[in-house]
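An overview of the molecular structure
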Amino acid sequence: MSQRDQLCQVRLEKLGAYPFERLKLLFSGHSPRSGLVPIDAGAGEPRLPLPSFVADTLSTHVSGFSKYPSTVGSIELRQAIADWLQRRYGLQHVDAATQVLAANGTREALFAVAHALINPEADKKPYVLMPNPMYQIYLGAALTAGGEAVFLPCTEASGFAPDLDAVPESVWANTALIYVCSPSNPTGWIADSDYFTHLLALADKYDFYIVSDECYSEIYWQDKPVGLLEVAALSGREGFSRCLVMNSLSKRSALPGMRSGLIAGDADLIARFTKLRSYTGPATPLPLQAVARAAWSDETHVQQHLKVYRNSLKAFFDIYGADGITIPPGSFFVWLPVEHDENFAVAAYEQQAVTVLPGSYLAAEDADGMNPGKGYIRAALVDGPECAAELAHRLRSVRI
Ligand SMILES: Cc1ncc(COP(=O)(O)O)c(C=O)c1O
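Parameters and conventions
- Residues numbered from 1 in each chain as written.
- Predicted model: local features only at pLDDT ≥ 70, side-chain atom pairs only at ≥ 80, totals over all residues.
- Heavy atoms only, no water.
- Helix = DSSP H or I, 4+ residues; strand = E, 2+ residues; numbered from the N terminus.
- Buried < 20%, exposed > 50% of the residue type's maximum accessible area, 1.4 Å probe, protein only.
- Contact = heavy atoms within 4.5 Å.
- Areas by Shrake-Rupley, 256 points an atom, 1.4 Å probe, with all protein chains shown as cover.
- Lys, Arg positive; Asp, Glu negative; His and termini not counted.
- Charge placed at Lys NZ, Arg CZ, Asp CG, Glu CD.
- Salt bridge = Lys/Arg side-chain N within 4 Å of Asp/Glu carboxyl O.
- 1 Å grid on protein atoms, 1.4 Å probe; cavity = no way out; pocket = protein on both sides within 12 Å on 5 of 7 lines; lining within 4 Å.
- Points joined across faces, edges and corners; volume = space filled by probe spheres on them.
- Nonpolar A, V, L, I, M, F, W, Y, C, P; charged D, E, K, R; others polar.
- Near = heavy atom within 4 Å.
- Polar contact = N/O pair within 3.5 Å; in protein donor to acceptor, adjacent residues only side chain to side chain.
- Sits in = over half its atoms within 2 Å of the grid points.

**Concerning the overall build of the protein**
In terms of helices and strands, the protein carries 15 helices and 12 strands. Scored against the burial criterion, the 400 residues of the protein give a buried share of 56%. Taking the contacts inside the protein whose residues are at least 6 apart along the sequence as the reference set, 75% of them involve residues at least 24 apart. Element-wise, carbon and sulfur atoms account for 52% of the exposed surface of the protein, whose accessible area totals about 17700 Å². Taking the 33 positively charged and 43 negatively charged side chains of the protein as two groups, their mean positions are separated by 5 Å.

**Focus on the pattern of salt bridges**
Charged atoms that come close allow side chains of opposite charge to pair. In total, this model carries 12 salt bridges according to the counting rule given. The shortest N-O distance in the salt bridge between Glu218 and Arg88 comes to 2.8 Å. Of this pair, Glu218 sits in the loop between β6 (209-213) and α9 (228-234) while Arg88 sits in helix α4 (residues 75-89); the two residues are 130 residues apart in sequence, bridging distant segments of the chain. The two residues Glu218 and Arg88 agree in class, both being buried. A salt bridge links Glu390 to Arg394, with the shortest nitrogen-to-oxygen separation between them at 2.8 Å. Separated by 4 residues within a single helix, Glu390 and Arg394 lie in helix α15 (residues 385-397), roughly one turn from each other. Using a relative accessible area of 33% as the deciding quantity, one classes Glu390 as partly exposed. Connected through shared salt-bridge partners, Asp40, Glu45, Arg47 and Asp383 make up one network.

**Let's talk about the environment of Glu21**
With respect to the secondary-structure elements, Glu21 resides in helix α2 (residues 19-27). Spatially, the C-alpha atom of Glu21 lies 10.0 Å from that of Tyr361, the residues being 340 residues apart in sequence.

**Here's the deal with the layout of surface pockets**
Reported here for the largest pocket is a volume of approximately 490 Å³. As for the largest pocket, its lining consists of 27 residues, of which Gly44, Arg107, Tyr135, Tyr216 and Lys251 are closest to the centre. When residues of the lining of the largest pocket are traced back to their parent elements, those giving at least two are α2, α5 (106-117) and α10 (249-252). Sorting elements by how many residues they give to the lining of the largest pocket places α5 first, with 3 residues. Looking at side-chain class alone, the lining of the largest pocket contains 15 nonpolar, 6 polar and 6 charged residues.

**Remarks on the site of the ligand**
Around the ligand sit 14 residues in total, of which Thr106, Asp213, Ser248, Ser250 and Arg259 are the nearest. A distance of 2.4 Å separates an oxygen atom of the ligand from a polar side-chain atom of Thr106. Residue Lys251 places a side-chain N or O atom 2.8 Å away from an oxygen atom belonging to the ligand. Relative to its unbound accessible area of 400 Å², the ligand is 92% covered by the protein chains. Judged by the fraction of its atoms near the pocket grid, the ligand is located in the largest pocket. Of all elements in the fold, only α5 and α10 reach the threshold of two or more residues within the shell around the ligand. Along the lines of polarity and charge, the residues of the shell around the ligand split into 5 nonpolar, 5 polar and 4 charged.

Next comes the structure, spelled out in structure tokens:
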């Protein structure tokens, strides 16, 4: 291996293998029990019927495939997004031209945003704070953008909230960016207004940016989750300063294959991000932008999906039982304590033909060597109530 190969490899090695790659490795040499229909509760992929408007809208706009789309998204799509944000969060005004961007799936936007907002040439590596366990993209983004990841443990003791008060002043002082995820993947925790208000005050005091990943905002069990922009506006903040939110049609509209989401907030940050994106060019094809517009403008399908998710959660816990378990207030995941997460995942696969993710794969070891995902598994309730009930039966039968 040449010196150059080695240098490149060292940089990428910091990333580690993605959780699904690790799962593949964990399952190699193991076979699911035959005679059972496999249940894949590993991936967070909604599996609901396509909303009725998708096919017609696509065929009406199919000629758009012959044109290059702009990276920022058509003004019609950005207006539909701005209108949705106003309706959903009671915002007075969101400016489609300067405060909204289309994303080609939020995953890429969550990754790229760190590259736009932090400066790796600073004297000291800027800190990028994130929940732990977390959606792994935050970690990849922090590391490749030249930041230093700082993990905020989300444990039963903290109610699965990333505890802001446990962060030392010396860390805040060097923080450039914090990722928040509400409702959270994988724990289902939801930030309330007080949480966001506290975070906004810290952002002002210590001069950092907040990226709020709200992809599961439309999947909740009681009250609609508040959003960062909503709390920013209610507290009288001008122009959502320091704030960006991301949301996705993958979860809201069960369209994960469409790769479409939104970025919204502070116009200065949007302008900076737009500049980076004009080079990386993650544009959404025009016919898909037309479908996205229709999706952000329709609530009927979202309410139908919500009903299915709620019935699935109920069906699951009716059978699995909820003793010693926090029923997640949001998202379609259940986060279940088990004795040994990797062993449990292998046993579930071998004995019950069920795929779940070991919680430790979704978290990072902190400086004390503690992994707060250890001892949990994540299962996605994405196939409807009947399957959720069957999943509960099978998980209860797993023996390790
Ligand atoms: C917390 C969270 N954020 C963002 C995403 C990315 O969604 P998409 O790229 O499909 O918009 C996911 C997908 O699983 C997620 O779980």
